Amino acid sequence: WCLPENYQMKYYFYHLLSWPQLLWVAEDFDGSIVGYVLAKMEEDNENQPPHGHITSLAVLRTHRKRGIATLLMRRSQMEMETVFKAHYVSLHVRKTNRAAFRLYTQTLKYEINSIEKGYYADGEDAYDM
């Protein structure tokens with residue numbers, strides 16, 4: 001498995017059933033899953049334009065630095081825009097996750113909106129992007 005957070009299985013099913021266009025996996029030559037992106041459309045604020053949210057992105061360590069995460073993110077973002085007319089996409093990333101931060105800021109051009117103190121279960125802060 002390459003799941004970085006401990007979500008309950010029903011959370012994954014909720015995403016899959018609600019937004020199947022936003023769940024993408026990367027497979028190795030033998031069909032084994034080596035990465036995924038799990039995303040959703042935000043439903044909590046009627047006063048904002050439609051926007052998506054990246055719930056989770058992961059690539060096995062053995063398959064990193066191959067552009068897999070970039071491709072997964074771009075595909076999910078494209079589907080958010082074309083299928084759901086998303087105006088933008090948000091995400092959270094651990095402050096200590098330098099590789100992900102570099103991907104989001106340098107490659108995908110995300111910007112920091114704020115810092116959410118204690119966002120993760122272990123108490124680590126997150127960049128809200």
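Residue positions within a chain follow its written sequence, with the count starting from 1. Given that the model is predicted, a residue must reach a pLDDT of at least 70 before its local features are reported, and side-chain atom pairs must reach 80 or more before they are shown or counted; all residues, however, enter totals for whole chains, interfaces and linings. Side-chain numbers come from the whole structure's heavy atoms, not from hydrogens or water.

## Describing the pattern of salt bridges
Here is step 1: Salt bridge, as used here, is a side-chain nitrogen of Lys or Arg placed within 4 Å of a carboxyl oxygen of Asp or Glu. Inspection of the entire model under this criterion finds four salt bridges.
Here is step 2: Residues arginine 94 and glutamate 124 are paired through a salt bridge, measuring 2.7 Å at the closest nitrogen-oxygen approach. With arginine 94 in strand E4 (residues 88–94) and glutamate 124 in the loop between strand E5 (114–116) and strand E6 (126–128), the pair connects residues that are 30 residues apart, well separated along the chain. In this structure, arginine 94 and glutamate 124 share a single accessibility class: buried.
Here is step 3: Aspartate 125 is the salt-bridge partner of lysine 117, the closest N and O atoms lying 3.5 Å from each other. Secondary structure elements follow DSSP: runs of H or I no shorter than four residues count as helices, runs of E no shorter than two count as strands, and numbering proceeds from the N terminus. Buried residues are those whose accessible area, probed at 1.4 Å on protein chains only, stays under 20% of the maximum for their type, while exposed residues exceed 50% and partly exposed ones sit between those limits.

## Focus on the sheet that holds strand E1 (residues 24–27)
Here is step 1: Whether two strands pair depends on DSSP finding at least two bridges between them. If you walk across this open sheet you meet the six strands as E1-E2-E3-E4-E6-E5, and the pairing is mixed. Unpaired on one side and paired on the other, E1 and E5 mark the two borders of the sheet. On average, adjacent strands in this sheet sit at an angle of 25 degrees to one another, irrespective of strand direction.
Here is step 2: For E1 and strand E2 (residues 33–41), the ladder comprises four bridges, and the chain directions are antiparallel. Residue tryptophan 24 lies in a different strand from E2, and its bridge partner there is valine 37.
Here is step 3: The strands touched by helix H1 (residues 9–18) within the sheet are E2 and strand E3 (51–59), with E2 carrying the most contacts at an inclination of about 70 degrees. The axes are straight lines fitted to the C-alpha atoms, using for helices just the contacting stretch, and the angles between their N-to-C directions are given from 0 to 180°. Residue contacts follow a heavy-atom distance rule, with two residues in contact if any of their heavy atoms lie within 4.5 Å.

## Observations concerning the nonpolar core
Here is step 1: Only buried Ala, Val, Leu, Ile, Met, Phe, Trp, Tyr and Cys residues count toward a nonpolar core, and they belong to the same one when joined by side-chain atoms within 4.5 Å. Within the largest apolar cluster, 26 residues are counted, with the highest numbers of intra-cluster contacts made by Ile54, Leu57, Met73, Met80, Leu91, Tyr104 and Tyr110.
Here is step 2: Every element with two or more residues in this core is listed here: E2, E3, helix H2 (68–84), E4 and helix H3 (98–107).
Here is step 3: Take this core: its biggest share by element is five residues, from H2.

## Notes on the pairing of E3
Here is step 1: For E3, the buried fraction is high: nine of the nine residues fall into the buried class.
Here is step 2: Sheet topology places E2 next to E3; seven bridges connect them, and they run antiparallel. Counted as the bridge partner of lysine 40 is histidine 53 from E3.
Here is step 3: The definition of a right-handed crossover adopted here requires that, viewed with the strands pointing away, the path from the first strand over the helix to the second runs clockwise. With H2 bridging E3 and its parallel neighbour E4, the resulting β-α-β unit is right-handed.

## Focus: a nonpolar patch on the surface
Here is step 1: Patch definition: residues with relative accessible area over 30% and no salt bridge; like charges joined within 9 Å; nonpolar side chains (Val, Leu, Ile, Met, Phe, Trp, Tyr) joined within 5 Å. Here the accessible surface of atoms and residues is derived via Shrake-Rupley with a 1.4 Å probe, and residues count as covered only by protein chains that are part of the display. A contiguous nonpolar patch, built from Met9, Phe13, Leu16 and Leu17 and spanning about 430 Å² of accessible area, is present on the exposed surface.
Here is step 2: Take phenylalanine 13: it is sitting in helix H1.
Here is step 3: Overall, the relative accessible area of 46% leaves phenylalanine 13 in the partly exposed class.

## As for unusual backbone geometry
Here is step 1: Even without glycine at this site, lysine 65 takes up a positive phi of about 65 degrees.
Here is step 2: Here lysine 65 shows up in the loop between E3 and H2.
Here is step 3: Positive phi, normally seen in glycine, also occurs at lysine 85, with a value near 60 degrees.
Here is step 4: Among the secondary structure elements, lysine 85 is positioned in the loop between H2 and E4.

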